[in-house]
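Residues per chain, in single letters:
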Amino acid sequence: MGAARAHVESGVALYNVGELEQLAERYADNAVEINPRGSFTGRQAILERLRRESTAFADPRITPVRWTEAGETVILNTSGPQRTPGRCRCRTVPSCRPPGGGLTLAAVSVFCVVDGTTTQNRTYYDQLPLLTQLGLLTP
């Protein structure tokens, strides 16, 4: 395992125990994170996104399935359940799921790690299964 993967792997561990401030510190001041929810530039914006995500799901987890590393680039394939909180905090989703229900989300994240700091993270996931699980679309 190279240094870039070790950096991302330890970041996943921080995320999984809810140490979001420590995780955000691993990003460059001007880091860019892009995912289906939008583009976030700067450590503070990334931390705010992480905090919002942690309130949308009870006990959010990243479950690595496969790692690929080439120099400064790390590709992480993930899958796993995300439990919704006891009561949905979304205002746009009428039911969201039964209290304590769960979602399964598979994703691919591409990280750029320069000198032990994340400078970019781009995450891709299929939104159709997510919307179906939330009850917003019928299968």
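In what follows, the structure referred to is the one given above.
Bear in mind that the values here come from a model prediction, so they are computed numbers and not experimental data.

A. Examining the pattern of salt bridges more closely. The tally for this structure, following the rule as stated, stands at five salt bridges. Between Glu 21 and Arg 51 there is a salt bridge, with its nearest N and O atoms 2.8 Å apart. Here the residue Glu 21 occupies a position in helix α2 (residues 20-24), and Arg 51 occupies one in helix α3 (residues 43-56), the gap between them amounting to 30 residues. For Arg 49, the salt bridge goes to Glu 33, with nearest N and O atoms at 2.3 Å. Of the two residues, Arg 49 is situated in helix α3 and Glu 33 in strand β1 (residues 27-35); the sequence distance between them amounts to 16 residues. Neither Arg 49 nor Glu 33 differs from the other in exposure class; each is buried. Linked by salt bridges that have partners in common, Glu 25, Asp 29 and Arg 43 make up one network.

B. Region of the structure containing the pairing of β1. Strand direction decides the pairing type here: β1 and strand β8 (residues 117-124), joined by four bridges, are parallel. Within β8, the residue paired with Tyr 27 across the bridge is Thr 118. Hairpin geometry of β1 and strand β2 (residues 38-41) is characterised by an intervening segment of two residues between the two adjacent antiparallel strands.

C. Structural context of the sheet that holds β1. Taken in spatial order, the six strands line up as β2-β1-β8-β7-β4-β3 in an open sheet, and their pairing is mixed. Strands with a single pairing partner mark the edges of an open sheet, and in this sheet they are β2 and β3 (64-70). The average angle at which neighbouring strand axes cross in this sheet is 10 degrees, direction not considered. Taken strand by strand, helix α1 (residues 3-16) contacts β3, β4 (73-78), β7 (107-114) and β8, and its axis lies near 150 degrees from that of β3.

D. Region of the structure containing unusual backbone geometry. Residues other than glycine seldom take positive phi values, yet Asp 115 does so here, at roughly 50 degrees. Along the chain, the position of Asp 115 falls in the loop between β7 and β8.

E. Main features of the pairing of β7. In β7, alternate side chains face the same way, and those of Ala 107, Ser 109, Phe 111 and Val 113 are buried while those of Val 108, Val 110, Cys 112 and Val 114 on the opposite face are not. Summarising the sheet, β4 and β7 pair through six bridges and their orientation is antiparallel. Bridging from a neighbouring strand, Leu 76 pairs with Ser 109 of β7. Here β7 runs beside β8; their pairing, made up of seven bridges, is antiparallel. Note on β8: the bridge partner recorded for Ser 109 is Thr 123. Counting the residues that bridge the hairpin from β7 to β8 gives two residues, and of these Asp 115 lies at a positive phi of roughly 50 degrees.

Calculation notes
- Residues numbered from 1 in each chain as written.
- Predicted model: local features only at pLDDT ≥ 70, side-chain atom pairs only at ≥ 80, totals over all residues.
- Heavy atoms only, no water.
- Salt bridge = Lys/Arg side-chain N within 4 Å of Asp/Glu carboxyl O.
- Helix = DSSP H or I, 4+ residues; strand = E, 2+ residues; numbered from the N terminus.
- Buried < 20%, exposed > 50% of the residue type's maximum accessible area, 1.4 Å probe, protein only.
- Pairing = 2+ DSSP bridges.
- Axes fitted to C-alpha atoms, helices over the stretch in contact; angles between N-to-C directions.
- Contact = heavy atoms within 4.5 Å.

Just geometry here; none of it tells us what the structure is for.
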